[in-house]
Amino acid sequence: MGAQKSEVIIKVDGLKKYFEKKNLRGKVLKCLKAVDDISFEIYRGESFGIVGESGCGKSTTAMLLSGLYPLTAGRIEFKGVDISDDRNAQVKEHRKKIQMVFQDPTTSIDPRMKIRATLEEPFAIQKIKDMEEHIDELLRTVSLDKTFKDRYPHELSGGQKQRIGIARALAMSPQVIILDEPTSAVDVNVQAQIINLLEEIKEQKDLSYILITHDLSVVKIVCQRVAVMYLGKIMEQGPVDPIFAAPHHPYTKVLFSNIPVLDDVRPERIILQGDVPSPSNIPTGCRFHPRCPNAQAYCKTEEPQMRSTGNGCMAACHYMEKGTEVI
Amino acid sequence: MDTMEQLLNVENLKTYFKLMDSTVMAVDGVSFLINRGEALGVAGETGSGKTVTVNSIMRNLPLNAYVTADAITLEGIDLLSLSEKQLHSVWGKKIAMIFQNPTSFINPLFTIEEQMTDVICFHEKVKNKQAVKTAREMLVLVGMPDPDVVLKSYPFQLSAGMIQRIMIALSLSCNPSLLIADEPTTALDVTIQAQILKLLGDIKAHTGGLILITHNLAIIKDICDRVVIMYAGKIVEWGDVHQVMYLPMHPYTKGLLDAIPRLNNQDKRLRYIPGNIPSAIDPPSGCRFSPRCMVAVPICFEQEPPMCEKVPGHFVACYVIRKERGI
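## Remarks on the interface of chain A and chain B
Each partner contributes residues to the interface: chain A has 43 residues there, and chain B has 42 residues. Considering only the side of chain A, the residues that lose the most area to chain B are A:V188, A:I221 and A:L262, jointly responsible for 20% of the buried surface there. Taken together, chain A and chain B are joined by zero salt bridges. At the boundary of chain A and chain B, one finds six residue pairs in polar contact (both at pLDDT 80 or more). Of all the secondary structure elements, the ones that give two or more residues to the side of chain A that touches chain B are α7 (188-205), α8 (216-222) and α10 (250-257) of chain A. Top contributing element to the side of chain A that touches chain B by residue count: α7(A), with 10 residues. A per-class count over the side of chain A that touches chain B returns 18 nonpolar, 13 polar and 12 charged.

This is the structure in structure tokens:
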């Protein structure tokens, strides 16, 4: 990687997505802030992890990046070109280069189409000829036999279906692939196979990954940098190694302490009370304060800003800024 | 072990599904026992027969299933000889089950109170008022905030983590002798998973015994006393959790443990067991794991390895291990 690493492939700046419930006159009744002002950069050849609980907005971020939702505010740049504006004719060309692999392969592949038809579709839409060769090539990349072309999804195991999902994402030779929980529907052995396959493909094709998951141990293996999201905001982000070695934000600490691990080296488990609050009714001040083990009075009123914590990491927490030992 | 009271005894359980022209041998000769107050973990890949094993104990199987066993006894009751009607008084009262996807096992049309009191009234033969009181106590036991509000809620108003807690409360409401949890945390986030696992650990004291099914061995290590590793409908290794986790003997157990991503993993590649689990219609002869086994010797392909006790309380079915240890 080395010199390439500085090349920014995706730049997200102040991204917001609000889902608004309006009455007939257009008055906003309820506003669900799914993604609320997040910014990050993804370098070429890197895997960027986004972690957080359900409802934290990580899947919405994926949808926004792949252009499946319009933005409320903010900017998404792909190689320096703004791709958030649909009216720009160039945008379509660039969007092809960002593809997505979905969480559950069973529901994201049409059960009534043969694998051949599923893989043909992207080529047909883009009016590309010699589909057959391309499909063989795709299947080879994901280590599946050619004979799979004439099978239906129900004849495939979960791992094989996810391979088809990956093959479909690779069809348009993308530069960025968004992986939305690619291994949460399969067991550990298949997960290991898929993770290794993804690593191989990444090296072969010089791809960048955005990995969305709640499994931190997968992030540790796959990613170089990670962002921890909570209720639509990034709480902490930076390179994987320093963050895993010494997380600064209390929420990150909680997440890390909750991973079931086989090794005996693990921090003492911190059990959070309650569920993630609803994104339509976000707590004031720091959004984590109602569940935070060391929340102070000022956490309820002031929203903390992102500050550098060294080693290229950033975190948004008052407690940490005041220089007190956390937890 | 002699002083402990035996809770569940399963001997040579075989569950076959008859199809049009073939027989699926989903579970093929499984024996284990649980003592009172013990938690047993059942691990294995998808398709190794974990769920069918517990469903055979519950006798909760489709009509084309044929269950034979030398014995399935729970507290001295022969579960195999019970009639359909007698089974209804066993389900929920003697054996309770928690399912993988809680939202699909709860009726969306009734409030939590109606669903909980229904079960309690049926088994405990109490008046509705008393049942509501018990239901509320159970919700408090599983650490539910605002139990009165929750009782009046419909399932869609609650999060997946809360519904899983309700399922646990519901299964505990009639003081079952045996609690079976079938992948209780697969559908949940890490923080909620930690809450549920802590809860399961705590309620071990309230039930006679616990069977926990999962493919994540790290979860089993946290909660269970003993573990059974299943492969293709057979038990390949069983014993004390710490012995099996730290000194795994069967090549399959070693492979499963290697596939789990670890936080202190320096290597960016995961090791995994190549290939897929064999078809249960026509399983390989000899040791069922032999086609995928790295250390298989000729005898593995011909004869089925018997279960032998290598260390007291740690059983394994493998010829290679037998030879190594000179048994």
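Once the structure has been displayed, the description carries forward.
## Description of the environment of A:L156
Residue and element names in this part refer to chain A. Structurally, the position occupied by L156 is in the loop between α5 (131-141) and α6 (158-170). Here the alpha-carbon distance between L156 and Q90, two residues 66 residues apart in the chain, equals 38 Å. Setting aside its immediate chain neighbours within four residues, L156 contacts I115, F148, R151, K161 and I164.

## Some details on α7(A)
An ideal rise of 1.5 Å per residue puts 26 Å on 18 residues; α7(A) measures up with 26 Å between its terminal C-alpha atoms. For α7(A), a buried count of 14 out of 18 residues is recorded, marking the element as mostly surrounded by other parts of the structure.

## Re the state of the cysteines
Residues and elements named next belong to chain B. Under the counting rule described, the total for this entry stands at zero disulfides over all chains. A disulfide-free cysteine, C287 has its sulfur positioned 5.9 Å from the sulfur of C300, the nearest such atom. The exposure class of C287 is buried, given its relative accessible area of 11%. C318 provides the cysteine sulfur closest to C293, a residue in no disulfide bond, and the two sulfurs are 6.1 Å apart. Overall, the relative accessible area of 16% leaves C293 in the buried class.

## Considering the pairing of strand β9 (residues 225-230) of chain A
Residue and element names in this part refer to chain A. Counting buried positions over the six residues of β9 gives six, a clear majority of the element. Burial of the side chains of β9 extends over both faces: R225, A227 and M229 are buried on one face and V226, V228 and Y230 on the other. Two strands pair when backbone bridges link them, and β9 and strand β10 (residues 233-239) are joined in this way by six bridges, in the antiparallel orientation. Directly across from V228, in β10, lies its bridge partner E236. Where β9 folds back onto β10 in an antiparallel hairpin, the turn is made up of two residues, including L231, whose phi is positive at roughly 50°.

Reading the values: rules and limits
Residues numbered from 1 in each chain as written. Chains lettered and ligands numbered in written order. Predicted model: local features only at pLDDT ≥ 70, side-chain atom pairs only at ≥ 80, totals over all residues. Heavy atoms only, no water. Contact = heavy atoms within 4.5 Å. Buried area = accessible area lost by both parts, 1.4 Å probe. Salt bridge = Lys/Arg side-chain N within 4 Å of Asp/Glu carboxyl O. Polar contact = N/O pair within 3.5 Å; in protein donor to acceptor, adjacent residues only side chain to side chain. Helix = DSSP H or I, 4+ residues; strand = E, 2+ residues; numbered from the N terminus. Nonpolar A, V, L, I, M, F, W, Y, C, P; charged D, E, K, R; others polar. Expected span 1.5 Å × (residues − 1). Buried < 20%, exposed > 50% of the residue type's maximum accessible area, 1.4 Å probe, protein only. Disulfide = S-S within 2.5 Å. Pairing = 2+ DSSP bridges.

Don't take any of this as a statement about function, it's just geometry.
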